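# Reading the structure
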Amino acid sequence: MNTTQPLGNLLPEIRRKALKRVDKRPPHELAASWSGDDLLYSGPGKSIFIVLPTPGCAWALAGLGGCSMCSYIADSPLQKVSSQELVKIFKEHFQRQMQKQDIHVPTSIKIFVSGSFLNTEEIPKNAQKEILKIINEYEDVEEVVVESRPEYVNEDVLRDCCSMIPGKILEVAIGLESADDEIRINKINKGFARKDFEKAMEVINQLKSDFDVRVKAYLLVKPILTSEKDAIDDAVKSAQYAERAGAGRVSFCPSTIHKGTLMEILWRRGAYQPPWIWSTLEIIRKVKNTVKIPVIMDTAGFGTRRGPFNCKKCNSKLKDAIIKSNINQTIPEEFECECKVKWKADLEFSDVTRSTTNLLKNR
Ligand SMILES: [Zn+2]
């Protein structure tokens, strides 16, 4: 592995400063929920998203600075939240969203904890079970998606979770980000290796004989210190790897600049730009031609100042086309716009890696 670690001690320092600036808010104010059309394993349906205020991602708080693009910790209460309170908050949001639903729509429940649902330090075991028990009462819910780092995927916790929702799919979404250890460890500071992901996959695969448990791999499009062309290549290779490793779905997260991150600092200095929307389109094409599992491209920050961007003329047109392709899993048709030549020039000539590494050295 490459030992030139350009991030050095930068990340812990950035995280410390960012944490100092966090405005502490009570847990119930940090909870959120919404719903939208989505692609389920059984086909088109609805998703309900619920953000739960847990104490905060253990990795972001571990003292090594956490991930170079992530600021979820700023939305965490940074204090212990009792099981009782977590379950109460979940129940309120969940029931409110379920009441809004049309009758009998296949539904997926996505629980975001800004960290790892399977880490019992973040969500105590009795809260995990109680939340799943509430969900299990609803027949329209076909799948439950929880997020976790691979080190918290263990047979004991998973068995307990799965047995609360018999007949439903439990999907563990793991932020693999990249299949490349050098990118994941040195550029993203993710703190785990491919072999850790594979170990988690093994635990999950062994449970498949008893439960319907699956894995979604989150992949980051364009980590810092990566050129536009390398970002596309890495995204495509990473999706192919995730499928080989046994993931049931892949979800791409193109970079958006979040406050208090190293990514933001580089962006402010002109040493980083989120990917072109053209690049995300190219990734969809290349992946759909080589990978069979469903592939989702998250379009959340598209067309914003801090998100993936083409030009004002084509941003929303392309965003709509990608949302459509997420639902029906087709490849968006060819588009033309005058900004495309600039993107092509970026693919051919940009080499941000070298210039940014120097910029960090001369800091
Ligand atoms: Zn354009």
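Residues numbered from 1 in each chain as written. Predicted model: local features only at pLDDT ≥ 70, side-chain atom pairs only at ≥ 80, totals over all residues. Heavy atoms only, no water.

### A look at the overall build of the protein chain
- In terms of helices and strands, the protein chain carries 13 helices and eight strands.
- A globule of 363 residues ought to have a C-alpha radius of gyration of about 21 Å, and the protein chain, at 20 Å, matches this closely.
- Overall, the C-alpha framework of the protein chain stretches about 55 × 45 × 35 Å when taken along its three principal axes.
- For the protein chain, with 363 residues in total, the buried portion stands at 56%.
- Within the protein chain, contacts between residues separated by at least 24 positions form 79% of all contacts whose residues are at least 6 apart in sequence.
- For the protein chain, the computed accessible surface area is about 16600 Å², with 50% contributed by carbon and sulfur atoms.
- Counting 54 positive and 48 negative side-chain charges, the protein chain places the averaged centre of each group 5 Å from the other. (Helix = DSSP H or I, 4+ residues; strand = E, 2+ residues; numbered from the N terminus. Rg over C-alpha atoms; globule rule 2.2 N^0.38 Å. Buried < 20%, exposed > 50% of the residue type's maximum accessible area, 1.4 Å probe, protein only. Contact = heavy atoms within 4.5 Å. Areas by Shrake-Rupley, 256 points an atom, 1.4 Å probe, with all protein chains shown as cover. Lys, Arg positive; Asp, Glu negative; His and termini not counted. Charge placed at Lys NZ, Arg CZ, Asp CG, Glu CD.)

### Digging into helix 8 (residues 228–245)
- Over its 18 residues, helix 8 runs 26 Å from end to end, which matches the ideal 26 Å to within 8%, given 1.5 Å per residue.
- Within the span of helix 8, buried status applies to Glu228, Ala231, Ile232, Asp234, Ala235, Val236, Ser238, Ala239, Tyr241, Ala242 and Ala245.
- Among the residues trailing helix 8, glycine 246 stands out with phi positive, at a value near 110°. (Expected span 1.5 Å × (residues − 1).)

### Re the coordination of the zinc ion
- Within the protein, the zinc ion binds to Cys311 (SG), Cys314 (SG), Cys337 (SG) and Cys339 (SG); these donor distances fall in the range 2.3 Å.
- Each of the four donor atoms bound to the zinc ion contributes to angles spanning 103 to 115°, and the resulting shape is tetrahedral.
- Here cysteine 311 falls in the buried class, since its relative accessible area comes to 15%. (Donors = N, O, S within 2.8 Å, 3.2 Å for Na, K, Ca; no water. Tetrahedral: all angles 85-135°; square planar, octahedral: opposite > 155°, others 65-115°.)

### Digging into the sheet that holds strand 1 (residues 32–40)
- One open sheet holds the eight strands; their spatial order is 1-2-3-4-5-6-7-8, and the pairing between them is mixed. At either margin of the open sheet sits one strand with a lone partner, and together these are strand 1 and strand 8 (295–297). Direction aside, neighbouring strands of the sheet carry axes that sit 25° apart on average.
- Direction of pairing for strand 1 relative to strand 2 (residues 43–51): antiparallel, over a ladder of nine bridges. Note that in strand 2 the partner of leucine 39 across the bridge is proline 44. (Pairing = 2+ DSSP bridges. Axes fitted to C-alpha atoms, helices over the stretch in contact; angles between N-to-C directions.)

### Considering the nonpolar core
- Counting residues in hydrophobic clusters, the biggest one holds 81 residues, and the most contacted among them are Leu52, Ile111, Leu118, Ile135, Phe252 and Trp278.
- Considering every element that reaches this core, the biggest residue donor is helix 8, with seven residues.
- Once residues within four sequence positions are removed from consideration, isoleucine 135 is found in contact with Phe90, Phe94, Ile109, Ile111, Val141, Val144 and Lys168.
- Counting residues in hydrophobic clusters, the runner-up holds 22 residues, among them Trp59, Cys67, Leu220 and Leu266. (Core = buried A, V, L, I, M, F, W, Y, C linked by side-chain atoms within 4.5 Å.)

### Some details on the pattern of salt bridges
- Tallied over the entire structure, the rule returns 25 salt bridges.
- The residue glutamate 338 makes a salt bridge to lysine 313 at a minimum N-O spacing of 2.8 Å. Taken together, the residues glutamate 338 in the loop between helix 11 (315–328) and helix 12 (340–349) and lysine 313 in the loop between strand 8 and helix 11 connect sequence positions 25 residues apart. For the pair glutamate 338 and lysine 313, one class covers both residues: exposed. (Salt bridge = Lys/Arg side-chain N within 4 Å of Asp/Glu carboxyl O.)

### Regarding the pairing of strand 2
- Counting buried residues along strand 2, seven of its nine residues qualify, which places the element largely inside the surrounding structure.
- Remark: two residues form the turn of the hairpin made by strand 1 and strand 2, two consecutive strands paired antiparallel.
- Sheet topology note: the strand 2/strand 3 (residues 107–112) ladder contains six bridges and is parallel. Across the sheet, the residue bridging to isoleucine 48 is isoleucine 109, located in strand 3.

### So, helix 4 (residues 125–136)
- With twelve residues, helix 4 extends 17 Å between its outermost C-alpha atoms, agreeing within 8% with the 16 Å of an ideal straight helix rising 1.5 Å per residue.
- Those residues of helix 4 that sit buried are Ala127, Gln128, Ile131, Leu132, Ile134 and Ile135. Down the axis of helix 4, the sector holding all buried residues measures 155°, keeping them to one side. (Arc of directions from axis to C-beta.)

### Quick word on the environment of leucine 40
- Here leucine 40 shows up in strand 1.
- Measuring from C-alpha to C-alpha, the distance between leucine 40 and proline 106 comes to 7.8 Å, with 66 residues separating the pair along the chain.
- Residues within four places of leucine 40 in sequence aside, it is in contact with Gly45, Lys46, Pro106, Thr107, Ser108, Glu142, Glu143 and Arg249.

### A look at the packing of helix 10 (residues 277–288) against helix 11
- Running from N to C, helix 10 and helix 11 point in directions that differ by 25°, and their axes come no closer than 10 Å. By the angle between their axes, helix 10 is roughly parallel relative to helix 11. Here helix 10 runs over helix 11; the crossing is left-handed. For the pair helix 10 and helix 11, the contacting residues are Ile277, Trp278, Thr280, Leu281 and Ile284 in the first and Asn315, Leu318, Ile322 and Ser325 in the second. (Parallel < 35°, antiparallel > 145°, perpendicular 65-115°, else oblique. Left-handed = near helix turned anticlockwise from the far one by under 90°.)

### Side note on the state of the cysteines
- Taken as a whole and assessed by the stated rule, the structure comprises zero disulfides.
- Cysteine cysteine 70 shares no disulfide, and the gap to the nearest cysteine sulfur, in cysteine 67, comes to 5.9 Å.
- Overall, the relative accessible area of 21% leaves cysteine 70 in the partly exposed class.
- The thiol of cysteine 253 is not disulfide-bonded; the next cysteine sulfur, from cysteine 70, is found 11 Å away.
- Taking relative accessible area as the criterion, cysteine 253 reaches 22% and is therefore assigned partly exposed. (Disulfide = S-S within 2.5 Å.)

Read these as layout, nothing more, since geometry by itself doesn't imply function.
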